Amino acid sequence: MSESLRVVVVGAGIAGVAVAYQLTAVHGLTNVVLVDPRPPLTLTSDKSTECYRNWWPSEPMVGLMNRSIDLLEEMAEDSANIFGLNRRGYLFVTAKSDTAAVWERQAYDISRFGAGPVRIHPGPVPYRPISAEGFHGQPEGADILRGPALRDAFPYLSETAVAAMHIRRAGWFSAQQLGSWMLERAREAGLVQIVDEVTSITISASSVTGVTLGSGSSLACDFVVSAAGPMSRSIGEMVGLDIPLRSELHLKVAYRDHLGVVPRDAPMFIWADTQTIDWTDEEAEALLEAGRPELVAQLPIYCHGRPEGGAESPYLLALWEYHDDNREPEWPLPDDDLYPEVVMRGLTTMVPALGRYLEGLPRSYVDGGYYIKTEENRPLVGPAGPEGFVLACGYSGFGVMLAAGAADLIGAHITDTELPDYAPDFLLSRYDDPTYLDTIRAGVESGQL
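Residues numbered from 1 in each chain as written. Predicted model: local features only at pLDDT ≥ 70, side-chain atom pairs only at ≥ 80, totals over all residues. Heavy atoms only, no water.

Draft legend 1. Spotlight on unusual backbone geometry. Of note, the amide linkage connecting His 121 to Pro 122 takes the cis form, showing an omega dihedral of 0°. Relative to the helices and strands, Pro 122 is located in the loop between strand S5 (118-121) and strand S6 (142-146). (Helix = DSSP H or I, 4+ residues; strand = E, 2+ residues; numbered from the N terminus.)

Rendered as structure tokens:
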């Protein structure tokens, strides 16, 4: 491996920063340039719930996420956990016995992929309560709780809930602080940052040889890593690639839970059933007149939320993707003035005490971004097109949890070191396989919330 490899990383979100960190601070490359016209980590990297999990209905995804979480834990150790990594888990909750039965069947398959053991409660193994902070010594796998076991562990959940599945190698952290820490380490290792836009990529003899910037200057290079998030399709077009990505709008709301309804040590809680909001007749009629019929109809699964901040923080984050809105990315984001109320109403189905806010919503703030997705919602990580062009895109709603593991994989591709078994599963070339295309058409479960 030559330290003189010249690499241009396009995009300074969490994906690009992780690649820059991996190439410089880990692999020791001394000629890496990070290019973005915006300040680092400001476009979409902090617009999700900033959570992570290793629980996926796909063996390659479990392998990649396990590796990514290993790296997150290593960086937490190295940084004195400056980015607040915890292991509170994801708590999927249902009011349907059939859903719980499906969870149990699927859980053993996911466990065999390497996600950890399955424990049923009540059962022979006691349920281990959450540790609010840190990640050491915590269970892996999943706990499926029913009846009294569920009530004892999570008394604030609705009495309509019949079961919950607590994913244990999961939690959250500050993507902004992690990204800032990685960026600082990369700078110390020689990373160069340029505030500019890549406008074209030069190819000679079927290999990448350089990029041209909006300022008119050019950079010679051996590799270009496209970590451009919402702009990934346009970067691919510069080298003749039609990258199969779509953009899905997602919003997030932060509430000031000034009544202290949600326990500060709660996991991320997720309602796994569809629901219909109990509007009054007058409210429903007004929504129809306002052109919002989707809010009167059955709304989708996975309304979810979690505490934000430490024990003294009053904030609650929540998301519910009911828009089904695929569009070309645009800024500022489209408004939805009803989002805070709709999400709060959805959360009360799971945590009834939040209904105290329906007479007067707490102070709230909405932001969001775009999930950049492939059709089957598996990311694109690795070489594609001309020699030296590398993809780090399609990170969808799991970019903050994926970034470290994907950067590790890209580092192995660029430095020609040993690749893990799952590496081929994330290449663009997987779409050349007719059998794989058949699995997509059959409707592969993506695992995205």
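Draft legend 2. Just the sheet that holds strand S9 (residues 192-194), in detail. With respect to topology, 6 strands assemble into an open sheet ordered S9-S2-S1-S13-S20-S19, the strand pairing being mixed. Looking at the sheet topology across the chains shown, the edges are occupied by S9 and strand S19 (380-383). Looking at each pair of strands side by side, their axes are set apart by 20° on average, direction ignored. Strand direction decides the pairing type here: strand S13 (residues 223-226) and strand S20 (residues 389-393), joined by 3 bridges, are parallel. In the sheet register, Val 224 faces S20, and the bridge partner there is Phe 389. Those strands touched by helix H1 (residues 14-26) are strand S1 (6-10), strand S2 (31-35), S13 and S20, and its axis lies near 170° from that of S2. Relative to the sheet, helix H9 (residues 399-415) contacts S1, S13, S19 and S20, its axis offset from that of S19 by approximately 10°. (Pairing = 2+ DSSP bridges. Axes fitted to C-alpha atoms, helices over the stretch in contact; angles between N-to-C directions. Contact = heavy atoms within 4.5 Å.)

Draft legend 3. Main features of the sheet that holds strand S11 (residues 207-213). Strand order in this open sheet of 3 strands is S10-S11-S12, and the pairing throughout is antiparallel. Strands with a single pairing partner mark the edges of an open sheet, and in this sheet they are strand S10 (198-204) and strand S12 (218-220). Averaged over all pairs of adjacent strands, the angle between strand axes in this sheet comes to 25°, irrespective of strand direction. As paired strands, S11 and S12 are joined by 3 bridges and run antiparallel to one another. In the strand pairing of S12, Gly 210 is matched with Ala 220.

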